[in-house]
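Structure assessment
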Amino acid sequence: MAELHVELVAADRKVWSGEATIVVARTSDGDTGIQPGHTPVLGVLQSGPVTIRQADGTTIVAAVHGGFVSYANNELSLLAEIVELADEIDVARAQRALERAGHEKDLAAERRADTRLRVAGVGVGH
């Protein structure tokens, strides 16, 4: 099975690096799936989940907020302002942030909190 090399980097750390069969990320053009051999891509990341499927079938999911995605020559770079892997998310904190954003009518903060909860596996209805 063909693979592409993936680098998932936050402003403050390298979050994950490895080989994958497909990566799905939310860009300003919508959800974008990238597999080996994809045409070159340069895009703006939006708040949303990034799903990385490895060749062994395991999946890595992260909440990503802002940044850029670049793909060429079977190398994918996701350079984000903030990245949180699913197991790093504090669900109670994200729920409080979602409630606060709703009261303050802060749509960007609401989207970030909603993304964190979805990535952590907590259903959120909007």
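Per an unreviewed UniProt entry, the chain goes by the name ATP synthase epsilon chain and belongs to Streptodolium elevatio. In its Subunit (unreviewed entry) section, UniProt records this for the chain: "F-type ATPases have 2 components, CF(1) - the catalytic core - and CF(0) - the membrane proton channel. CF(1) has five subunits: alpha(3), beta(3), gamma(1), delta(1), epsilon(1). CF(0) has three main subunits: a, b and c."

Some details on the UniProt feature "domain: ATP synthase F1 complex delta/epsilon subunit N-terminal" (unreviewed entry) in the chain
Those places that UniProt annotates as "domain: ATP synthase F1 complex delta/epsilon subunit N-terminal" (unreviewed entry) correspond, in this numbering, to residues 4–81. With 0% helix and 73% strand, residues 4–81 has end C-alpha atoms that lie 23 Å from one another.

Considering the side chain of S47
Mapped onto the fold, S47 is located in the loop between β5 (41–44) and β6 (48–53). Of the residues examined, S47 reaches a relative accessible area of 14% and is grouped as buried. There is a polar contact of 3.2 Å between the side chain of S47 and the side chain of H65. Dropping the residues within four chain positions of it, S47 is found in contact with R26, V64, H65, G66, R111, R112 and T115.

Let's talk about the side chain of T27
As for its position among the elements, T27 is in strand β3 (residues 22–27). Aside from chain neighbours lying at most four places away, what touches T27 is T32, V44, L45, Q46 and V69.

What counts and how
Residues numbered from 1 in each chain as written. Predicted model: local features only at pLDDT ≥ 70, side-chain atom pairs only at ≥ 80, totals over all residues. Heavy atoms only, no water. UniProt positions renumbered as here; feature names shortened; annotations may be inferred. Helix = DSSP H or I, 4+ residues; strand = E, 2+ residues; numbered from the N terminus. Buried < 20%, exposed > 50% of the residue type's maximum accessible area, 1.4 Å probe, protein only. Polar contact = N/O pair within 3.5 Å; in protein donor to acceptor, adjacent residues only side chain to side chain. Contact = heavy atoms within 4.5 Å.

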